[in-house]
Amino acid sequence: MNAPSPWTTVDSRVLLEDRWLRLRAECLRNAAGIEISPWYVLDYPDWVAAVVLTDDDRLVLVRQWRHAAGTWSLELPGGIIDPTDADPVAAARRETLEETGYAAERWTWLQAAHANPAIQTNRIHFVLATGARP
């Protein structure tokens, strides 16, 4: 699955960088020799999302205002994995407690996947928490 890239980066410029993200504009050349420019790439830290279940199999969700979407969203607890987090499970524990007030007896890392692999470099880690209580 890790075959060589059919695209070549001809040029890459950082347009914006802060503590949350870095935005790059790249000039790419595909396998047919066609240049695509600009191709925007967002570098984000990895994220975590916790699937938190109580002893009676209720799913713990958090209701948050999401400015970009302009709406309230019901979602899994989670967020950016901080540099101080030991691993994705530690980040899931921290985010779940911060956002919901719940802690759990058992935490299991499930999977990591790219959030939006066409334009973002980060992955989202899914963690299962069982035996959750306020």
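Described in the following lines is the structure provided in the data block. Remember, it's a predicted structure, so these values are computed and weren't measured experimentally.

1. A short note on the packing of aromatic side chains
Inference 1: This structure, assessed with the given rule, holds three aromatic pairs.
Inference 2: Ring centres of Y44 and W47 lie 5.8 Å apart, and the angle between their planes is 50°; this geometry places the pair in the tilted category.
Inference 3: Between W65 and W72 the ring centres are 5.8 Å apart and the planes differ by 70°, which places this aromatic pair in the edge-to-face class.
Inference 4: A cation over a ring is seen here: R63 above W72, with NZ or CZ 4.3 Å from the ring centre.

2. Remarks on the side chain of R24
Inference 1: Along the chain, R24 falls in strand β2 (residues 22-29).
Inference 2: The exposure class of R24 is buried, given its relative accessible area of 17%.
Inference 3: At a separation of 2.5 Å, a polar atom in the side chain of R24 contacts the side chain of E26.
Inference 4: A polar side-chain atom of R24 sits 2.8 Å from a polar atom in the side chain of D43.

3. A word on the layout of surface pockets
Over the atoms rolls a probe the size of a water molecule, and its path tells where empty space is left.
Inference 1: Here the largest pocket defines a volume of roughly 390 Å³.
Inference 2: W47, R66, E75, G78 and G79 are the residues nearest the centre of the largest pocket, which is lined by 13 residues in total.
Inference 3: Within the residue set of the lining of the largest pocket, elements represented by two or more residues are β4 (47-54), β6 (62-66) and β8 (78-80).

What counts as what
Residues numbered from 1 in each chain as written. Predicted model: local features only at pLDDT ≥ 70, side-chain atom pairs only at ≥ 80, totals over all residues. Heavy atoms only, no water. Phe/Tyr/Trp six-rings, centres within 6.5 Å; stacked < 30°, edge-to-face > 60°. Lys NZ or Arg CZ within 6 Å of the ring centre and 35° of its normal. Helix = DSSP H or I, 4+ residues; strand = E, 2+ residues; numbered from the N terminus. Buried < 20%, exposed > 50% of the residue type's maximum accessible area, 1.4 Å probe, protein only. Polar contact = N/O pair within 3.5 Å; in protein donor to acceptor, adjacent residues only side chain to side chain. 1 Å grid on protein atoms, 1.4 Å probe; cavity = no way out; pocket = protein on both sides within 12 Å on 5 of 7 lines; lining within 4 Å. Points joined across faces, edges and corners; volume = space filled by probe spheres on them.

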